[in-house]
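Fold and geometry: a report
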Amino acid sequence: MTEDLGLGEQALSKAAEIGLESQLDEAESLSVDVRVDPLSLMKGEVESVTVEGEGLVMQQELRTQELTVQTGSIKVNPWKAALGEIELERPTQSAVRMVLSEADIDRAFNSHFVHNQIPHIEVEQNGQSVAVTAREISFRLPGNGRIAVHADLKHLDAETTKQIAFEATPDIAENGYRLHLKDVKYVSGEEISPKLTALILEQVSDVLDLRNFEVPSMNLRLTDLEVLAGKLILSSVAEIRAFPGNLEG
């Protein structure tokens, strides 16, 4: 019985691991641990599922240093489970913890995808309208509960650049789907362009939008965040409508 249980858990865990890995652009390491009891499984119950991963590359070239997903008991189709598939009878809730490193977030900001999302805007300078865009955005986590952003402002009609640097405090917004940046303080003590600052702040929120971390049939909602030196820790709850390895099309 114990041997059969081990083999059953291994089969379900491996199927889920393969299914989840297929939803990622890259994964340095990924493991799925499905815990089942044979008698409970016959009634359509799985005790728990634990997912642990490192170096997972999600949408928009955003990499998570660490990812942990933990479910409680879930209801499944017992006939499909006997064939090595987990088909949920109803959506299930799970706890998700993600660790994002300063280097990985900085790399995402300077990806081609994000650069292509930053439009050219008109700003007033010396009484004239000048077209500028932000380049070389530097993202830092200094460890004081705030984020630090530095960007080069490139003038499109001249070979000149200026710099903008500020710090801000991230907070949970939009019912837990995004981060909002508040208490903006300029390092130089002067705001160069309100429009451009707002644009960069929006890009920060876009990159850290939790929907970038979702796979099909999963919705994430942020419940807590820790801003530490060199890393950002996001805690969230996830509603899972279909199990990895048996995802809806």
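Residues numbered from 1 in each chain as written. Predicted model: local features only at pLDDT ≥ 70, side-chain atom pairs only at ≥ 80, totals over all residues. Heavy atoms only, no water.

Examining the overall build of the protein chain
Applied cut-off: Only DSSP runs of H or I covering at least 4 residues are called helices, and only runs of E covering at least 2 are called strands; the numbering of each starts at the N terminus. Think of it in three bands: with a 1.4 Å probe and only protein chains considered, a residue is buried below 20% of the maximum accessible area for its type, exposed above 50%, and partly exposed in between. Contacts are assigned to residue pairs with any non-hydrogen atoms lying within 4.5 Å of each other. Values of accessible area rely on a 1.4 Å probe in the Shrake-Rupley scheme; residue burial ignores everything except the protein chains shown.
Of the regular secondary structure elements, the protein chain holds six helices and 13 strands. Across the 249 residues in the protein chain, those meeting the buried criterion constitute 45%. In the protein chain, of all internal contacts separated by at least 6 residues, the share reaching a separation of at least 24 is 55%. Carbon together with sulfur atoms contributes 48% to the accessible area of the protein chain, which is approximately 12700 Å² in total.

Topic: the side chain of threonine 169
This is how it is decided: Any pair of nitrogen or oxygen atoms within 3.5 Å is treated as a polar contact; in protein, a donor-acceptor pairing is required on top of that, and neighbouring residues in sequence qualify only through side-chain atoms on both sides.
Tracing the backbone through its elements, the reader meets threonine 169 in strand S10 (residues 161–173). By relative accessible area, threonine 169 is classed as buried at 18%. Within polar-contact distance, the side chain of threonine 169 engages the side chain of arginine 146 at 2.8 Å. Those residues in contact with threonine 169 that lie beyond four places of it in its chain are Gly145, Arg146, His180, Leu181, Lys182 and Asp183.

Concerning the environment of alanine 15
Relative to the helices and strands, alanine 15 resides in helix H1 (residues 2–21). Residue classification places alanine 15 among the partly exposed positions, given a relative accessible area of 28%. Each C-alpha atom, one on alanine 15 and one on valine 32, is 8.9 Å from the other, the two residues being 17 residues apart in sequence.

Quick notes on the confidence of the model for the protein chain
The line we're drawing: How sure the predictor is of each residue is captured by pLDDT, a score from 0 to 100.
Mean pLDDT for the protein chain: 82, with 83% of residues reaching 70 or above. Taken as a whole, residues 1–5 scores under 50 in pLDDT and shows four contacts with residues more than four places along the chain or in a different chain.

Comments concerning the side chain of asparagine 77
In this fold, asparagine 77 is placed in the loop between strand S5 (74–75) and helix H3 (78–82). In this structure, asparagine 77 is in contact with Glu87 and Glu89, ignoring residues within four places of it in sequence.

What to know about the nonpolar core
What counts, and what does not: We call a set of buried Ala, Val, Leu, Ile, Met, Phe, Trp, Tyr and Cys residues a nonpolar core when their side-chain atoms join them within 4.5 Å.
Core analysis: the biggest nonpolar cluster contains 63 residues, and Val34 and Leu232 have the highest contact counts within it. No other element matches helix H6 (residues 194–207), which puts six residues into this core. Among all residues touching valine 34, those that are not within four sequence positions of it are Glu9, Leu12, Ser13, Val46, Ser48, Val49, Ile86 and Phe243.

Some remarks on the sheet that holds strand S4 (residues 63–71)
Put simply, the test is: Strands were regarded as paired on the criterion that DSSP finds at least two bridges between them. Axis angles are defined between N-to-C directions and span 0 to 180 degrees, where every axis is a line fitted to C-alpha atoms and, for a helix, only to the segment in contact.
Reading across the sheet, the six strands line up as S1-S3-S4-S6-S13-S12 and stay open at both edges, with antiparallel pairing between neighbours. The outermost strands of the open sheet, each flanked by one partner alone, are strand S1 (26–35) and strand S12 (218–228). Here the strands of the sheet are splayed against their neighbours by 15° on average, with no regard to which way each runs. Inspection of the sheet shows S1 paired to strand S3 (residues 48–57) by nine bridges, in the antiparallel sense.

Here we look at the environment of isoleucine 200
Within the secondary structure, isoleucine 200 sits in helix H6. By relative accessible area, which is 2% here, isoleucine 200 ends up buried. Sequence separation between isoleucine 200 and alanine 151 is 49 residues, and the spatial gap between their C-alpha atoms is 8.6 Å. The residues touching isoleucine 200, leaving out its near neighbours within four places in the chain, are Ala134, Val149, Ala151, Ile164 and Phe166.

Notes on the packing of aromatic side chains
Put simply, the rule reads: Ring pairs shown here join Phe, Tyr and Trp side chains whose ring centres sit within 6.5 Å, with only the six-membered ring taken for Trp; geometry is labelled stacked below 30 degrees between planes, edge-to-face above 60, and tilted in between.
Under the counting rule described, the total for this entry stands at one aromatic pair. A centroid spacing of 6.0 Å and a plane angle of 65° characterise the contact between phenylalanine 166 and tyrosine 186, whose relative ring orientation is edge-to-face. Of the two residues, phenylalanine 166 is situated in strand S10 and tyrosine 186 in strand S11 (residues 178–186); the sequence distance between them amounts to 20 residues. A relative accessible area of 1% places phenylalanine 166 in the buried class.

With respect to unusual backbone geometry
Positive phi, normally seen in glycine, also occurs at glutamate 174, with a value near 50°. On the secondary structure map, glutamate 174 appears in the loop between S10 and S11. Although it is not a glycine, asparagine 175 adopts a positive phi angle of roughly 55°. Examined against the element boundaries, asparagine 175 turns out to sit in the loop between S10 and S11.

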